Amino acid sequence: MANITCKKVSAATKDLLDCKNPLWQTEKELIETAATPLANQPSPYIKGVYSEDKIGAVKKLWMKSVHNGESIFFYFEWESPQANMKIQDINVFADGVALLMPLKEIDKTPITEMGTKDFPTTSWYWRPDFDDKPKNQVAHGLSTSLYTEKSSIAASSKWENGKWHVVMGRTLKANKPGEETVDLAPGGKIGIGFAVWEGSNGERGGVKAFSKEWRDLVIEA
Amino acid sequence: MAVEEKVLTDREKELAKTFEATKDMLRKSDHQVGMVMDLNKCIGCQLCSMACKTLWTSFEGREYMWWNKVNTMPGKGSPKDWEKMGGGYKVLFEGKVMEPVQGKHPTRKEFGDLWKFNWNEVVNSKAGDVHLQAKNQEDDSVPDWSMNWDEDQGAGTYPNSFYFYLPRICNHCSYPACVDACPRNAIYKRETDGAVVIDQDRCKGYRFCLEACPYKVIYFNFVTDKSMKCIFCYPRLEQNVANACARQCTARVRWVGFVDKPESIIYKLVKVWKVALPLHSEFGTNPNVFYIPPLAPSRLDDSGKIDPTKPRIPRDYLRYLFGPEVDKSLEVMQTELDKVRKGGKSELMDILIAREWKKMFDIFDKDPAIMERKPAKAGIYTRPGIKE
Ligand code: SF4
Ligand code: SF4
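One structure accompanies this document, and this report is about it. (Residues numbered from 1 in each chain as written. Chains lettered and ligands numbered in written order. Predicted model: local features only at pLDDT ≥ 70, side-chain atom pairs only at ≥ 80, totals over all residues. Heavy atoms only, no water.)

**Observations concerning the overall build of chain A**
So the rule is basically this: Every helix listed is a DSSP run of H or I at least four residues long, and every strand listed is a run of E at least two residues long, numbered separately from the N terminus. Our radius of gyration looks at C-alpha atoms and nothing else; its globule reference is 2.2 Å times the residue count to the power 0.38. Partly exposed describes any residue whose relative accessible area lies between the buried limit of under 20% and the exposed limit of over 50%, with all areas from a 1.4 Å probe on protein chains only and scaled to the type maximum. Here, two residues are considered to be in contact whenever any of their heavy atoms come within 4.5 Å of each other.
Of the regular secondary structure elements, chain A holds two helices and 14 strands. In terms of overall size, chain A behaves like a compact globule, its C-alpha atoms giving a radius of gyration of 16 Å where 221 residues would be expected to give roughly 17 Å. Based on the C-alpha atoms only, the size of chain A along its principal axes is roughly 50 × 40 × 35 Å. When each of the 221 residues of chain A is scored for burial, the buried share is 57%. Taking all contacts inside chain A whose residues are at least 6 apart in sequence as the whole, residues at least 24 apart take part in 66%.

**Details of the interface of chain B and chain A**
Rule in force here: Buried area is understood as the total, over both parts, of accessible area removed when two parts are fitted together, assessed with a 1.4 Å probe. Salt bridges are identified by distance alone: a Lys or Arg side-chain nitrogen within 4 Å of an Asp or Glu carboxyl oxygen. Residues adjacent in sequence count toward polar contacts only when both atoms are side-chain atoms; beyond that, a polar contact is any pair of N or O atoms within 3.5 Å, and within protein one must be able to donate a hydrogen and the other to accept it.
Each partner contributes residues to the interface: chain B has 41 residues there, and chain A has 34 residues. Here chain B meets chain A over a buried area of about 3,300 Å², counting both sides, of which 56% is carbon and sulfur. Linking chain B with chain A are three salt bridges. Between R11 of chain B and E113 of chain A there is a salt bridge, and its shortest N-O distance comes to 2.6 Å. Remark: the boundary between chain B and chain A carries 18 residue pairs in polar contact (both at pLDDT 80 or more). Of all the secondary structure elements, the ones that give two or more residues to the side of chain B that touches chain A are α1 (10-27), α3 (108-111), α5 (177-181) and α6 (208-212) of chain B.

**A few points about the site of ligand 2**
Put simply, the rule is: Near, as used in this document, describes a residue that has one of its heavy atoms within 4 Å of the molecule or strand being considered. The residue classification treats Ala, Val, Leu, Ile, Met, Phe, Trp, Tyr, Cys and Pro as nonpolar and Asp, Glu, Lys and Arg as charged. All others, Gly included, are polar.
Taken together, 14 residues are adjacent to ligand 2, and C42, C45, Q46, C48 and C249 of chain B come closest. Taken together, the residues of the shell around ligand 2 sort by class into ten nonpolar, three polar and one charged.

**Re the environment of A35 of chain A**
All names here are of chain A. Mapped onto the elements, A35 comes out in strand β3 (residues 34-35). Along the sequence, A35 and G96 sit 61 residues apart, while their C-alpha atoms lie 15 Å from each other. Here A35 is in contact with E52, I55, G56, K208 and F210, once residues within four sequence places are set aside.

This is the structure we're talking about:
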């Protein structure tokens, strides 16, 4: 799979965190996403009554990443027929997007299982009802992802004409590298994966669309 | 349905095994507590519901929840029409193979939202100008359902109309659909007593459990973004104090105790006398809450005389609720009742009358007033089967 390049730009963090910044409309990367396999569902209920061809309503995700030497930003855009903003009722689910990175060696970290006990992953999880404060998560394999106590990820988002526009950003330096987050250094490279949830399709948790393979994110020096 | 045969990879087979083993562990318990409720005695006073509410569900997003509720039967219950919402299992081959059944999420209004009242308006206006009105918290709409909304409506026509009360809590099932449903392994049976609880640190509010529980007794907390349910008052059980709903019951309706210990009254009513039955056992989850079915009076015939050949509550309706075993249960109770009426003795009737209140609670007969009330200890408990 082709690398994704995170270009260095000279712009203020505040401007890059704006999902309406015209920069985000310049060439983007297409990420193809697919239903999470039922075989990976730890819930016999989900395995028994859900069907793989109805999971993963979002098939295409466009993304772009840049950094300004201090912070790194990820922009996402995808089609969603309606904005599922918050959990107003028990049968209502919010939309969402996330990126996933290995905390250790990429070739020992299965993306389809969100890592393993010894090779965990970290993810940035955005949902409209998180008030543009995405959660940082750590997972040690399927069914184990937990929000970390603190998250230094910021975001801005808007839904317009059937499309979500979301940008998430964080300082390149991590607050707890290795444990909960990763240091992202200019000149470096890290594996990256993605997931999208379409709330109106009842998607939440492991019922989602995801990128089946790691891509390499190359961070320009 | 996801049954198209797919060739599984070795890793997928390995995962399937691990998942199964984990669920087996989460379902396992060394002992099982349970409750028997006598529907002949319940007067629908809702003291049990209030005891539970004041103890567990009065704040932080729990205000609209009723972990204990009392419905009028026949009725739509709460959530409205829950019996038709699916979930649970289809039991194939004599209870051996269980296939999960797709369930539906109840809505907040089907449970009955929290009501806001216009107290200020009433107090600050001239007498008679404004009347007290309730509005749903969610969207200010006028409530059209709530817990026990169809109170005392019942069925049948005068003089043969009838109704009875059905108090409901989580059944702390032996094969809980909620445990199976949770993709995060956040729901488990406690090892010591088999109470089914939701780990609030692991729950992320995905609500698969609300879909899968056929009794629809799980609630979603909109404030904390987590699912919550009856915890069988386990912090009280740990100190040998019976559940708040059971102690508060004004009519001595509820027994608490071990389902698996022959000396317990629960065991006697369920396994020896076989008069206490689970509700909708066809849902396949093996409940540990059991009911003594109502032995209602007979019908009156056209001339107004008692017709002892016809029960007031149609037997088919009771079979629908409690299965075919209800016939035997009612027969046994009638026989024992007749014995006592003729001046004889009956162990069963002695149990059901419950002269000695404290005896209803097995070993959980300690007075909560003398219970240790230390602030809860902070601590992390790792249930075997949950990997870090
Ligand atoms: S009644 Fe529902 S919530 Fe309670 S244990 Fe059974 S399946 Fe789980
Ligand atoms: S307190 Fe007892 S009598 Fe009153 S409603 Fe509850 S179970 Fe019935």
